[in-house]
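One-letter residues, chain by chain:
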Amino acid sequence: MNRVSILKDASECVSVDRAATQGDIEDSFASIAAIWGARLGVIIRPDQVAIMLIDLKTVRAWGNPYHCDNWIDMAGYAACGGEVATKD
């Protein structure tokens with residue numbers, strides 16, 4: 001895969017209306033932040049959820065850099081995190 005196809009695939013993943021099946025991204029990341037924060041005893045913001053999901057994909061890519069799904073997901077989580085962080 002090249003960078004254009006990775007970004008294209010990531011764009012398709014995050015731009016498809018998943019709200020009907022997955023819920024709103026802001027609500028979903030807020031819920032994940034609340035659960036992770038409660039388990040860890042720290043405050044986690046919804047945008048930090050995206051960073052932590054990228055960390056998960058980073059570890060997976062480190063172990064298998066040839067599996068393109070990891071790179072696509074990292075790009076998608078970065079886009080979602082940026083949107084959540086800058087949402088007015």
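Residues numbered from 1 in each chain as written. Predicted model: local features only at pLDDT ≥ 70, side-chain atom pairs only at ≥ 80, totals over all residues. Heavy atoms only, no water.

Colleague: What's the story with a nonpolar patch on the surface in this structure? I'm lost.
Modeller: The grouping of Leu40, Val42 and Met52 at the surface amounts to a nonpolar patch, some 260 Å² of accessible area in total. Within the fold, valine 42 resides in the loop between α3 (25-40) and α4 (46-63). Judged by relative accessible area, which is 45%, valine 42 ranks as partly exposed. (Patch = residues over 30% accessible without salt bridge, like charges linked within 9 Å, V, L, I, M, F, W, Y side chains within 5 Å. Areas by Shrake-Rupley, 256 points an atom, 1.4 Å probe, with all protein chains shown as cover. Salt bridge = Lys/Arg side-chain N within 4 Å of Asp/Glu carboxyl O. Helix = DSSP H or I, 4+ residues; strand = E, 2+ residues; numbered from the N terminus. Buried < 20%, exposed > 50% of the residue type's maximum accessible area, 1.4 Å probe, protein only.)

Colleague: Sorry, what's going on with the nonpolar core here?
Modeller: Nonpolar side chains tend to gather and get buried jointly when the protein is soluble and globular. Counting residues in hydrophobic clusters, the biggest one holds eight residues: Phe29, Ala33, Ile44, Val49, Ala50, Leu53, Cys80 and Val84. Elements represented by at least two residues in this core include exactly α3, α4 and α5 (68-86). Sorting elements by how many residues they give to this core places α4 first, with three residues. If sequence neighbours within four positions are ignored, valine 84 has contacts with Ile25, Glu26, Phe29, Pro46 and Asp47. (Core = buried A, V, L, I, M, F, W, Y, C linked by side-chain atoms within 4.5 Å. Contact = heavy atoms within 4.5 Å.)

Colleague: Mind showing me how you'd approach α5 here?
Modeller: Since one α-helical turn is 3.6 residues long, residues separated by three or four positions face the same way. In this model α5 runs 28 Å from its N-terminal to its C-terminal C-alpha over 19 residues, within 8% of the 27 Å that 1.5 Å per residue would give. Buried residues of α5: Asn70, Ile72, Asp73, Met74, Gly76, Cys80, Gly81 and Val84, and no others. The secondary structure elements touched by the buried residues of α5 are α1 (3-15), α3 and α4. (Expected span 1.5 Å × (residues − 1).)

Colleague: What exactly am I supposed to notice about α4 here?
Modeller: Between its first and last C-alpha atoms α4 spans 27 Å; for 18 residues at 1.5 Å apiece the expected length is 26 Å, and the two agree. When we look at burial in α4, the residues that qualify are Asp47, Val49, Ala50, Leu53, Lys57 and Ala61. Buried residues in α4, looked at end-on, bunch into an arc of 150 degrees, giving them a common side. Along α4, the residues that are exposed and aim more than 90 degrees away from the buried face are Val59, Trp62 and Gly63. Each element contacted by the buried residues of α4 is listed here: α3 and α5. (Arc of directions from axis to C-beta.)

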